Each structure stands twice: as C-alpha cells, then as structure tokens.
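# Notes for the structure review
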Amino acid sequence: MATARIPQGADIIGAAVPRIDGPLKTTGVARYSLDHHFPNLVHGVPVQATIGRGRIRSLDASAAEKMPGVLLVMHHGKIGNVYRTFPRQQDGSMAETRPPFEDDKIYYWGQYVAAVIAETLEQAKAAAAAIKIEYDAESPDVRHDLSAGYEGPHDSSWKRGDPDKALSEAPVTIDQTYVTPVETHNPMEMHGTVAVWDGENITLYDSSQGVVSHRTIMSEVLGIPRENVRTVSRFIGSGFGGKLSPWPQCTLAAAAARQLNRPVKISVDRRMMFSNVGHRPRTQQRIRLGATKDGKLTAIRHDFYTQTSQLDDFVEHCGEQTPFLYSCPNLEVTTALTHRNVGTPCPMRGPGAVPGLYALESGINELAWKLNMDPVELRLKNDADHDEGTNKPFSSRHWKECLTTGAEKIGWSKRTPGIGSMRRDGKIIGLGLGSASWSAARIPATASVELCPNGRVCVRSATQDIGTGTYTLFAQVAHAKTGVPLDRIDVFLGDTNLPDGPTSGGSMVTSAILPAATTAVNQAVDRLLHVAALTPGSPFHGSKPDHLTIAQGRVVPKPQEPGQPKVVGASYSASADLTANGVPFEEVLRMANLSSISATGRTFPSFEDPKAKQYSMHSFGAHFAEVEWDPEIVRLRVSRIVSVFDCGKIINMGPAKNQILGAAIMGLGMSLLEETVYDPRTGQPINGSFADYLVATCADLPDLDVTYLDYPDTIVNEYGARGVGEIGMAGVAPAITEAVYHATGVRVRELPIRIEDLLQSKITAV
C-alpha cells in the first residue's frame, strides 16, 4: 500500500503527520522511566496498610531486615528528612501533601506504611511480606452518599441574578441529582521512579506530566536547592492527569537512594494504582433548571458535592463550564467538599468539565423532554453570544455549528421522539447528544532551536510528550519555517536540563509551545540570513538579509518583484527554482566557521497579555450517540458516536483525531463500565485489578466519526490553535444516557449504567 504523501513547507501545519517518535516506540528503542538501569541499582517495594482507618500499634521489621539482599527498611521514624511542600504554589505541590511515614496514622487502605530496599525485586517483595504490623483499626468512612453527615459550607463560586426567585417563578422546572462514581486512572504505563544521587545532586527518572514542576516540588520535599534536582521523563505511557504531580513512591525512592548512595527503583503495581496514585473523585450534583414554556432558560442552579481524602482538599470543579455555556440571567454554582477514607483524588481527563457537563447536559436533555422540544433546538435557542459569567466576548465560539453539523452527520432529522419508536434490524435504536466545552489559555513556555553543522535542526524544551504528539508538533513548526525534512529534525523533550517547558495538563501545551517554537525558529533563521549576508566568500555576501530567505534548508534569495534591485552575489531570475540557487544552511555555517546557530523563544501567558485578557477563551463541541437495545437479551450497545469540535486551528490532524477518538472511548467506559468500589468494612478497593475493573476494549468500540471545524483563534496564538485532549471526553456520558432513555425509557442518573437499570425498561421487542 502506498504511503500517503506528507505536505511540505507551511502546508504541513494542519496535515495528518505521522509521529516522529512512532518508530522509537514500535521498535522498543524509546526508554520509559523504569527502563533506566544503572550499576549497583537496587529495588524498593512499599508495604501497604490493610485497614482503611486507624493507627499502627506496632511494626516489627526485624525478620525482614535479616533476610538475604535486604539493605534498608524504612517506616515511621526511619526515613530521614523529607518535608511538606508549600501549599498552592505556582509550580504545584505533592499530589499527597503528607510525606510518607510522617506519622503512625492510617488514613486510607493501601497507604504506604513501610518500604523495603533490597538487591533484587524478588528479595524486596519477600522481605516486605515478612514485616509484621498490628493496627488499632477504626471503621473507615467510604459512604456513597456525599451529603451524609456533611456540616461544612456550600461555597458559592459563581452567581448572577436571583436563581432561587427565578426558579420559584419559572413555568417549567427540572430538579434532579446526578452521580458520577470514583474512576481510576489506568494508563498502560504505571507509575514508577528511579532515583540516582551524585553527591548533593539527584536525578529522578519518573513518569511525569510536568518535569519542571516536578523538579521544584521534589527540591522542597528533599530540602535541597532546585538546581540540585534533575527530572527526566522522555516518554510516557499516558497519564490522563494522574501524573501531573509526584506521588509518594518518588519520595521513597529519593530518600532510600540518599541513605544508601545507590540508585533505587520503585515501581507501582496495578493494585497500587487503585489506592496510591489518585483517581477521579465521586461527585453528587443537583441540577435545577427554570425555563419559559417556549424553552428559554431563566435559571440554573448547579450545587454539587465532591469527594476528597482525609489528607487533602482536592476539589473537582464540576461547575467550571456552567456559567458560560448557556445564556441565562439567573445562575449560581456551589461546592461542598466531603472527606472520606480514600486516597487523595487528582485530575482525570477533563477534570471538572466531564462530570460537571454530565450533570448539566443531562438536565438540559430532561428539560427538552418536559418541554416536548427537540434537544438540539433547545440548545440553539439558549446559545450565548458572550461569556455571561465574566461579561467578556468569546475569542471564538462556533458551538451552534458543532450542534448542526453533528445532527446532520448522525441523521438527527430522521429521529422520531417517541420512546422506543426507532427500530433497525430487530433492535431498538436510541439517539442522544451532549455538549462539550473546555477553557483555553496560553501558559509560559520556552524552546530553543539550533541549526547544526551536520545539516540537522535540533529543537529543545523541557515540556514532555505524554503520547499526544508533542514531539511531532515541534518538528512541524521547524519544518514549516525552514523546509528541513522531518527526518533531519531532532526534538528533545522531557528533561529539566532543557529550557523550561509547560506541564502537560489542561490541554494547554500546544497553544503554549507554538509561540515559543515559532519565535525560536524565526530568530535562528534571521541570524542565519545575517551570517550569509555578512560572511566573506558566501554567495550572498553583501546582500541585505531581508532579501534572503530559507527554503528546504537552503539559504535562497526571496522572489524578486519587478523593478527591485538585483540581489548581490546571487545567480537569480524571477522564474528560477529558488532552491536550485540556494546554499545549504550547514554550508553557510562552514563558511562562517560557526559550530551552530541557535536561538531561544518564549511564550508569555495570556493572563499577562492585555489583549487576551479582554476575551473569554474556550473550545466547544458536541457528541451525538446512537445505541442499540435488544430487550429480549437485555443487551445494550453503543453503535455510533459522532463528535464535532471547534478547537481552533488543528496543527496535526492525525493525533488530534486520535485524541477525540480515545476520549470518546473513555467516555463510553465512564457511561457503561467504570466504577471503583470500596469495601465498607476495610476501605479496600475491591475491584482493584483489570480482572474486575472494567474498561472499554476493542469489542466495545462503536463506529466513531470525528469532525473538526476550522476556525483559527488568533487571540490564543498566531496559529490559532487550542488544545483537544480534555474536551473530547466532556459530553459523551450525557449523550449516551440520553440515547439510552430514548431507546428504553429508563432515565439513568447515576453512572455507570447497569443491567439492573435496564431491566426496568417496559419497551419490548417487535
């Protein structure tokens, strides 16, 4: 099969470009964090608490310490100096603020209570099992009802008008509660750390979505200067938000390596993934909507509880998208934080927006039924022409087109509104939709570009590629600006020895790195052209630099307009092939006796940009879902998902579509399969393995259709690009639950959808 041709030059921006790191991954050359091995490397195994609440009465490690290969056993009082991080600092903090072994209290099942370091992994595991621990156990609080026993505040984060009065006066109202469960991050690459000390300096090879912030955090944890810490994460097997901040195993590896003066590797196994490295917290959201009889929204109240741990106040901001998605004069969003005996939650793909829009969009869908109005029509009727939360204009908003395009692609005009009224091949068909939105911004970033004497271009930044195609985005910019082929562009990421780069979270890396990379390439090329014009012996000596350009990696004269003076030193005609008259840039370096030419570019954050601060910046989208329901065997299948998004200019269409496809599949899992269940007696996640925790597989995949609207948002950056990773999961769940209601008549308000729910359906087969 012929390989598709990749557009060249500036046309490469927006094309579907194969990832330049793909061959490294498929051939096994790419080294992930735990692939790093060093002389005298030793292994650590954490010991987990077997109760969900209480205190350690005694811990006997004497037998373990005498076992073959055991070098160190760490526990409360025997870990050395490790510290808490300053809360809410700009560069982040530890995901779990309590350092390991800080006290003898147990806050959740699986909490690390000791760690064994031994010569081999098998020896460490055997010794860990030999440690004897006795507890004073108490009953853990893992109650599902987040309002149970809650006496704290309900903080109002957004308010306008008088929503309570408007609700009392509204002709049509909706008042329902929607629940999303605990979901566990399960990337293919689990967490792990290799810690290597060299005198007073430490290098941490950790699976991290933010190596720069990781460096700052670990310097505080270890009590050493920031410049003494290096963090490396060149390849990551996905993170989905779970790897934004360091987790306790990183502290344990660093502390053990410091005591032993040997490299230490600690890996988190799949079981630990369910207790020790975060999760999407349970949410309980009450949505109250008021509307006129013709469907105009008059009031929105979004009041939610969100679960957190006993240790940390992590808030799942479910109401972030509520203030601006719809036009409504009276609105309030309130938050209540409920503490439970579970590990500390953390962001998970689309944090806040995914559970929040499940509730809001489900409420909108229910309102449409109550009004006897088409749910697409209801949304179009309540479109907002500006951000009513901040009273700012949108930098770009094409949500209406997302709705109308998606409706056309899924065949919404053929939808009949009656429950169970659509049939195909002996199955009942249901259609549903859910809207999506996600904030956009520029965050600080730095990148350097070097024109090398071997004819290659090197791009460097300490951001990281979490599997989304960041390596290739840098290469695309370098190629678009220089014409150097992709196979001669080297991109170096994921190392704090490189220029500071942004954390890979919030779908903001692309919009951040583009200005930095563009500036760096432009400056390097500008310096090259000056060198070509100033160097004796250069064919362009004596030319004006602004009469020169670079094409396909060669310095060439710019196309000459009639009447312009001839470019000095250049054999040139207006119709000549520019590259045929040019000089390879590495030859210019040789003529000037330069080892290389480099430049550094920086992205300044949008909150410091007077123009950007005048706008509300977001991406928008819509998911449409089709389900097939066979009541005779109680079989439900999502058969189609159509997704349409307004995410500005797409830089690499291949990975961008993959992002939405993957997010839609995660949304399917959220809707039908995923839930972490805790044993109320011990607080243990009882389905903490891939044998019991269900995720979508290839057999579950529906027909997937992704469309991007092409509306560059130049308020965000010169390319007009916004992020695509987070928004793709928002809106999937309400689209599926609405389709299920349309097919079965069963309204599911607590995810995931269960067979027990569907057995309530009164719809029968033909």
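Residues numbered from 1 in each chain as written. Predicted model: local features only at pLDDT ≥ 70, side-chain atom pairs only at ≥ 80, totals over all residues. Heavy atoms only, no water.

## Here's the deal with the overall build of the protein
Rules: Labels follow the DSSP assignment, with helices taken as runs of H or I lasting at least four residues and strands as runs of E lasting at least two, numbered in each case from the N terminus. Think of it in three bands: residues with accessible area under 20% of the maximum for their type are buried, residues over 50% are exposed, and the middle band is partly exposed, with areas taken using a 1.4 Å probe on protein chains only. Note on contacts: a residue pair qualifies if any of its non-hydrogen atoms lie within 4.5 Å across the two residues. Computed with the Shrake-Rupley method and a 1.4 Å probe, the accessible areas treat only the protein chains shown as cover for residues. Positive charges come from Lys and Arg, negative ones from Asp and Glu, while His and the chain ends are left out of the count. Charge placement uses NZ in Lys and CZ in Arg. For Asp and Glu, CG and CD serve respectively.
Within the protein, the secondary structure is distributed over 16 helices and 27 strands. Structurally, the protein occupies a C-alpha span of about 85 × 75 × 55 Å along its principal axes. With 766 residues in all, the protein has 59% of them scored as buried. Expressed as a percentage of contacts within the protein between residues at least 6 apart in sequence, the contacts between residues at least 24 apart total 81%. Accessible area of the protein: about 29,500 Å², with a carbon and sulfur share of 51%. Averaging the coordinates of the 75 positive side-chain charges in the protein and doing the same for the 83 negative ones gives two points 2 Å apart.

## Brief notes about the sheet that holds strand β12 (residues 264-267)
Worth spelling out the cut-off: Two strands pair under a simple rule: DSSP has to find at least two bridges between them. For helices, the axis comes from a line fit to the C-alpha atoms of the stretch in contact; other axes are also lines fit to C-alpha atoms, and the angle between any two N-to-C directions lies between 0 and 180 degrees.
Here seven strands make up an open sheet; going across it, the order is β3-β5-β1-β12-β9-β10-β11 and the pairing mixed. At either end of the open sheet lies a strand with only one pairing partner, and these are β3 (70-75) and β11 (229-232). On average, each strand axis in the sheet is tilted by 20° relative to the strand beside it, whichever way the strands run. As paired strands, strand β9 (residues 192-198) and β12 are joined by four bridges and run antiparallel to one another. By the bridge assignment for β12, Thr193 is matched with Ile266. Across the face of the sheet, helix α5 (residues 211-222) comes into contact with β9, β10 (201-206) and β11 while running at roughly 140° to β11. Against the sheet, helix α6 (residues 248-260) makes contact with β1 (42-48), β3, β5 (112-118), β9, β10 and β12, and its axis sits at roughly 30° relative to β9, the strand it touches most.

## Brief notes about the packing of helix α14 (residues 653-672) against helix α15 (residues 732-744)
Operational definition: To sort the angles, those under 35 degrees are grouped as roughly parallel, those over 145 as roughly antiparallel, those from 65 to 115 as roughly perpendicular, and the leftovers as oblique. A crossing counts as left-handed when the near helix is turned anticlockwise from the far one by less than a right angle, and as right-handed when that turn is clockwise. Each residue gets one of three labels, nonpolar for Ala, Val, Leu, Ile, Met, Phe, Trp, Tyr, Cys and Pro, charged for Asp, Glu, Lys and Arg, and polar for the others, Gly among them.
Across the interface, α14 lies against α15 with an axial gap of 8 Å and an inter-helix angle of 55°. One element, α14, and the other, α15, form an angle in the oblique class. Along this stretch, α14 crosses α15, giving a crossing that reads as right-handed. Contacts between α14 and α15 involve Ala664, Gly667, Leu668, Met670, Ser671 and Leu672 from the first element and Val732, Ala733 and Ile736 from the second. Counted by class, the contact of α14 with α15 contains seven nonpolar, two polar and no charged residues.

## Details of the environment of Ala447
Tracing the backbone shows Ala447 in strand β18 (residues 445-451). Exposure remark for Ala447: the relative accessible area of 1% places this residue in the buried category. Sequence-wise, Ala447 and Tyr112 are 335 residues apart; in three dimensions their C-alpha atoms are separated by 38 Å. If we ignore the near neighbours within four places in the chain, the residues touching Ala447 are Arg460, Ser461, Phe474, Pro499, Ala516, Ala517, Ala520, Ala599, Thr600 and Gly601.

## Things to note about the pairing of strand β27 (residues 703-708)
Quick note on the threshold: Seen with its strands pointing away from the viewer, a crossover is right-handed when the path leading from the first strand over the helix to the second is clockwise.
Sheet topology places strand β26 (residues 635-646) next to β27; six bridges connect them, and they run parallel. What sits directly across from Phe645, in β27, is Tyr708. The parallel pair β26 and β27, bridged by α14, forms a crossover whose chirality is right-handed.

## Some details on α5
Quick reminder of the rule: A helix is expected to span 1.5 Å for every residue after the first.
The terminal C-alpha atoms of α5, which comprises 12 residues, lie 16 Å apart, in line with the 16 Å expected from a rise of 1.5 Å per residue. For α5, the buried fraction is high: 11 of the 12 residues fall into the buried class. Residues Val211, Val212, Ser213, His214, Arg215, Thr216, Ile217, Met218, Ser219, Val221 and Leu222 constitute the buried set of α5.

## Concerning the packing of aromatic side chains
Going by this rule: Planes of paired rings set the category: under 30 degrees apart is stacked, over 60 is edge-to-face and the rest tilted, where pairs are Phe, Tyr or Trp rings (Trp by its six-membered ring) whose centres lie within 6.5 Å.
Following the criterion strictly, the structure yields 12 aromatic pairs and no others. Ring geometry for Trp369 and Tyr741: centres 5.1 Å apart, planes at 85°, overall edge-to-face. With Trp369 in helix α8 (residues 353-371) and Tyr741 in helix α15, this residue pair connects regions lying 372 residues apart in the sequence. Judged by centre distance (5.6 Å) and plane angle (90°), the ring pair of Phe394 and Phe620 falls under edge-to-face. Of this pair, Phe394 sits in the loop between α9 (375-381) and α10 (399-410) while Phe620 sits in strand β25 (residues 618-630), placing them 226 residues apart in sequence.

Just geometry here; none of it tells us what the structure is for.
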